[in-house]
Amino acid sequence: MDNLYDIIIIGGGAAGMAAGVYGGRSRLKTLIIEKGAVGGAAYSTREIANYPGFHAHVSGPALMADFRAHAEKFGVEFTRGEVRELSLEGDPKTIRLKKGPEYQAKSVVLALGTEPRLLGVPGEKEFRGMGVSYCATCDAENFTDCVVAVVGNGDAALEEAVYIAKFAAKVIVIVIHDEGIVDCNKVSAEIAFQHPRLEFVWNSSLAEIKGDEDVSSIVVKNLKTGALTETAVDGVFMYVGLLPMTGVVRDLVETDKNGYIITGDKMETSVSGVYAAGDCRQKYLRQVVTAAADGAVAAHAAGHYIEEFEEYKTMVAGSDQILLAFWSPMNEFSINAIAKAEQISAEYPGKIKLVKIDLYRKQMLARKYNVQTPGTFILLKRETACGTLSTDCYNTLESTLRAWMTR
Amino acid sequence: MAITKLDADSFERNVIEGRGKCLIVFSRQNCHVCAEVVPMLEELAPELASECAFYYVDVEEQASLYKTYPLKGVPSLMFFKDGDYQGKLAGPVTEEQVREKIAAIG
């Protein structure tokens, strides 16, 4: 089937493309689906200053073009499209686009990214593109010699305020905190504080954006006094945080209250064979380097999952009854228990197929049957668990296994 | 490019002196919202070809043409009929909004 892939990655930002590099390099048939610009958040970043190894000036688009070329070199396919619906349980997983074909995948990596959070003040939606902007790279030039407000005080807010000031006559930065306190990195904050065309308004929030066809003024609320002040501006740039673009999977995988996907350290989500990487995941630091790392882990884990799943399918295919024996090289009891189980099994030829699973290396079946400790045995009858044994006693082990063999 | 790219001269000929409805999308390379909106228009253009002409202006290549109009950002879509300005849409414009806008121009 042409539309069946080993790994389908949804999202072509840094995380998705890094996952592509690792998937492609492992000779897995890999597809990246991107709805907009390949390169994601980094695509509209003018300079990436802290991607290790790239200490000379590198722009976001240039770095992302390299990511893409790297993924394509390993045979990764790219397609344009927006996901309408996913079915992630079971195998294979199905991905339906708003337009175009339906895809199937053995595993899925969700690298969905984030989008700017809207503040929700009056005028924000109406004037989007008419003076309200979320992208200085795209729009700053339109405000040459104008007065512009920037709302927010994180890295993006202050770095972009300095960029906008290259064009604008004055940039008013509206900060919610007390004077001198910002959530931005120190280097960028210093540059912003010393900039002659930046003016900071402390303890304040944006209350309203006003205008006719385009923005003409803003109303700023002083949070200490409650006073409202109207100021004439030509534009407003909003940097009040990000939201994960996880709407399409919100009911399918576990997310936190803000919608970020919860993963384990292998980037695994709450659904078997489904991984998440990059900014859409609940994590501490959202940068190109951490997105790339997530992508690598996710694709590697997905590769292992596929391998295990194929093994499992072959294993259950020809046998009625299977004894799953979970062991670990670090657990001596489990090593001896497996040996014992093999002895007993040999006494009843053709009765039950014994399958040894190294818990240290393989996780899929352990997750499927919720096994945590080595030395656990599970009896499967046509893929359904009909007996579980977890013991550290050789006698119990022997009597239970013999009972299963003669059942 | 499924949409005809314009410079200042062809803008004058096709839009200002043109007959019927047209839309022009002003876009730039490194704009991620444009990267979603422009392909949407490219897909829509053939379907609506008999009703509305679709044009494209790269604002970096055509800086002076871009400055002629009081646009505040990219992507911006301007609509014309028989050379007369009919309004604009801006930001993350959807296919439905474009269809409605074209239909609304009598």
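As a reminder, the structure under discussion sits directly above these lines.
Rules and cut-offs
Residues numbered from 1 in each chain as written. Chains lettered and ligands numbered in written order. Predicted model: local features only at pLDDT ≥ 70, side-chain atom pairs only at ≥ 80, totals over all residues. Heavy atoms only, no water. Helix = DSSP H or I, 4+ residues; strand = E, 2+ residues; numbered from the N terminus. Expected span 1.5 Å × (residues − 1). Buried < 20%, exposed > 50% of the residue type's maximum accessible area, 1.4 Å probe, protein only. Arc of directions from axis to C-beta. Contact = heavy atoms within 4.5 Å. Salt bridge = Lys/Arg side-chain N within 4 Å of Asp/Glu carboxyl O. Buried area = accessible area lost by both parts, 1.4 Å probe. Nonpolar A, V, L, I, M, F, W, Y, C, P; charged D, E, K, R; others polar.

**Considering helix H10 (residues 394–405) of chain A**
All names here are of chain A. When the terminal C-alpha atoms of H10 are compared, their 16 Å separation across 12 residues agrees well with the 16 Å that a helix rising 1.5 Å per residue should span. What H10 keeps buried is the set Leu 397, Thr 400, Leu 401, Trp 404 and Met 405. Buried residues of H10, viewed axially, fall in a sector of 135°; they line one side. Where H10 is buried, its residues meet strand S18 (321–327), helix H8 (332–347), strand S20 (376–381) and strand S21 (384–390).

**Here's the deal with the pattern of salt bridges**
Per the counting criterion, the structure on display carries 31 salt bridges over all chains. The salt bridge involving Lys 210 of chain A is made with Glu 230 of chain A; its shortest N-O contact spans 3.1 Å. On the criterion of sequence distance, the pair formed by Lys 210 of chain A in strand S12 (residues 204–211) and Glu 230 of chain A in strand S14 (residues 228–232) is long-range, its members being 20 residues apart. In this structure, Asp 320 of chain A engages Arg 382 of chain A in a salt bridge whose closest nitrogen and oxygen atoms are separated by 3.3 Å. Here Asp 320 of chain A, found in the loop between helix H7 (288–317) and S18, pairs with Arg 382 of chain A, found in the loop between S20 and S21; they are 62 residues apart in sequence, far enough to count as distant. When its relative accessible area of 37% is taken as the criterion, Asp 320 of chain A is described as partly exposed. Since its relative accessible area comes to 59%, Arg 382 of chain A is described here as exposed. Three or more residues joined by partner-sharing salt bridges are found here, namely Lys 99 of chain A together with Glu 43, Glu 47, Glu 95 and Arg 99 of chain B.

**Structural notes on the interface of chain A and chain B**
Across the boundary between the two partners, chain A contributes 22 residues, which contact 25 residues of chain B. Surface buried jointly by chain A and chain B totals about 2000 Å² across both partners, of which 48% is contributed by carbon and sulfur atoms. Summed over the three residues of chain A that lose the most area to chain B, namely Tyr 43, Cys 138 and Asn 142 of chain A, the buried surface amounts to 24% of that side. Taken together, the connections running from chain A to chain B amount to five salt bridges. Lys 35 of chain A is the salt-bridge partner of Glu 36 of chain B, the closest N and O atoms lying 3.3 Å from each other. Counting residues per element, the side of chain A that touches chain B draws most heavily on helix H4 (residues 136–139) of chain A, at three residues. Each residue belonging to the side of chain A that touches chain B can be placed in one class, and the counts come to seven nonpolar, six polar and nine charged.

**As for the environment of Ala 18 of chain A**
All names here are of chain A. Assignment of secondary structure puts Ala 18 in helix H1 (residues 14–25). The buried category is assigned to Ala 18, whose relative accessible area is 7%. Distance in space between the C-alpha atoms of Ala 18 and Arg 68 is 8.8 Å, their sequence separation being 50 residues.

All we've got here are geometric facts, nothing functional implied.
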